[in-house]
Each structure stands twice: as structure tokens, then as C-alpha cells.
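# Structural description and commentary
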Amino acid sequence: MTIEICAYSLESCINAQAGGAGRIELCGGLGEGGTTPSAGLIEIVRKNIDIQLYVMIRPRGGDFVYDFFEEEIMRKDIDLAKKLGANGVVLGVLTPDGNVDVARTKALVDYAAPLKVTFHRAFDLTPDPMKALKDIIATGAERILTSGQKPSAIQATELLGKLAREADGKIEIMAGGGVNHNNAAELKAAGVHALHLTAKKFRPARQKFFPEGISMAGEIPDEKSVMYSDLELIEAMVQAVSE
């Protein structure tokens, strides 16, 4: 079973590879749930990492209904991911009513070729998961990242198992959202094909002075901590699905 680490830094990518993960989803924009990482980060990660590298293609935070210019940005970012040696990209487009925009997603999947495509957790915002599964298969994407439309994947083992069965070899189902070494075995038993996690811990920041009452943090507690993917948590995760 492939373990994929969602990483926001070179440090996390190095730990992912050292810990036995098989793939990295490289992102920027931690506070927005993952956006396209910088060209500099993609390049330096590719130079230092041998395992599969999938690059998030998401031009902004917020919803997944994109205008013409945002779609053009996504194409340019796909070009850059190809140039810098990515193995695949991660993307997804929805319609205003929350369904998968098959035509626009397929156009991006085709544009990304020969890179493979993961359809990200926009899947979890769709009104009918089984319809969304069929729609994403029609786009040509190779896998779906999903928490089973619950806050945490472990709350959705029934739906995840159903998705994996219905996928029937046409697409991979990768569980993500609250995944860790304590629930990995149960998720594996549900029948999903891969597991996705950040394996996050926080270490003290290098900066020592911080004024009181000012924070630029979003998802992370504050600027006094630096989130990274922890080597021991990754090793524990790999061990949990290897038994």
C-alpha cells in the first residue's frame, strides 16, 4: 500500500522518503488547505527526492469553481511542474452546483499528460459521491483523494470501502483526512488503495522575538511554531500497513 505524504517543505519531503513513504503531494498555502507550491520549492525537492512527486495545482484557496484566467494559471503551473520533473499533478474542478466539472477537469488531465493526475478532496464537496466517482473516472484521472465526505476518513470506512469496490480497477481510492498510524490498519482493511497524511508535528521557530498580540498564522497555531512531517510518524505509518 502506498503511503503519500502531504508536504509543504523540503524538510518534510526528506522525512517522507527516509520514512518509507512512496509518494509526496507537494503543496504551498498551508493555511488555505494546500495551493500550488513555488517553482523554487518544486525544483529543490526534485533535486533531493527520488520517490514520486505530485504537485498541487490549485491557484488559490476557497472553492473549486475557476474562471478562465484561473484555468490558464493552472495550465501554466502544469507546464512548470512538467519542466521541473514532477511525476504527476493534483487538481480538480467543480461546477457551481458542486458536481465534478467533467469537461474542464478532463481538459486539464489531458493537458497534463504524460503526467498522471490525482483528483483532490474537492470530491468531498460533491453532493453524490457515487456519481462523482463515475465522473472522475470519465476524466481520466488515476486516483481520488477523499476523506469519504466526513471530517476524518476513519468516520467514513463504509463509504470508502464502497468507493474502492465500485472503482473496480478503473481508478485508485486514496483515503486522507485525519489519517495516522493508529487508524491505518482499519482504513487498509476498508479496501482503499493508498493512504494520505501530513504526519505533522511542530517544532520551535528559529526566530526568537515576537511582539504580543500580532499573528499572521492561519492553519498553524502561530508563527512561533513550524509545521513539518515527522520521520517517526511516517515510519510508524508505513509499519502500520506493512503488518
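Conventions and cut-offs
- Residues numbered from 1 in each chain as written.
- Predicted model: local features only at pLDDT ≥ 70, side-chain atom pairs only at ≥ 80, totals over all residues.
- Heavy atoms only, no water.
- Helix = DSSP H or I, 4+ residues; strand = E, 2+ residues; numbered from the N terminus.
- Rg over C-alpha atoms; globule rule 2.2 N^0.38 Å.
- Buried < 20%, exposed > 50% of the residue type's maximum accessible area, 1.4 Å probe, protein only.
- Contact = heavy atoms within 4.5 Å.
- Areas by Shrake-Rupley, 256 points an atom, 1.4 Å probe, with all protein chains shown as cover.
- Lys, Arg positive; Asp, Glu negative; His and termini not counted.
- Charge placed at Lys NZ, Arg CZ, Asp CG, Glu CD.
- Salt bridge = Lys/Arg side-chain N within 4 Å of Asp/Glu carboxyl O.

### Some points on the overall build of the chain
Helix and strand content of the chain: 8 helices and 10 strands. For the chain, the C-alpha radius of gyration of 17 Å lies close to 18 Å, the compact-globule estimate for 243 residues. Referenced to the eigenvectors of the C-alpha coordinate spread, the extents of the chain come out at roughly 50 × 45 × 35 Å. Counting only residues that meet the buried cut, the chain has 51% of its 243 residues in that class. Long-range contacts, defined as pairs at least 24 residues apart, comprise 66% of the intrachain contacts of the chain with a sequence gap of at least 6. For the chain, the exposed surface amounts to about 11300 Å²; the carbon and sulfur share of it is 52%. Measuring between centres, the 27 positive side-chain charges of the chain sit 2 Å from its 33 negative side-chain charges.

### Quick word on the pattern of salt bridges
Applying the stated criterion to the full structure yields 15 salt bridges. In this structure, R104 and E71 form a salt bridge, with 2.6 Å as the shortest nitrogen-oxygen distance. Note that R104 is positioned in helix α4 (residues 102–112) and E71 in helix α3 (residues 68–83), a separation of 33 residues in sequence. Look at R104 and you get partly exposed, because its relative accessible area is 23%. Look at E71 and you get buried, because its relative accessible area is 13%. Note that E172 is salt-bridged to R143, the shortest N-O span being 3.0 Å. Placement of the pair is E172 in strand β7 (residues 172–176) and R143 in strand β6 (residues 143–146), with a sequence separation of 29 residues.

Just distances and angles here, no functional claims.
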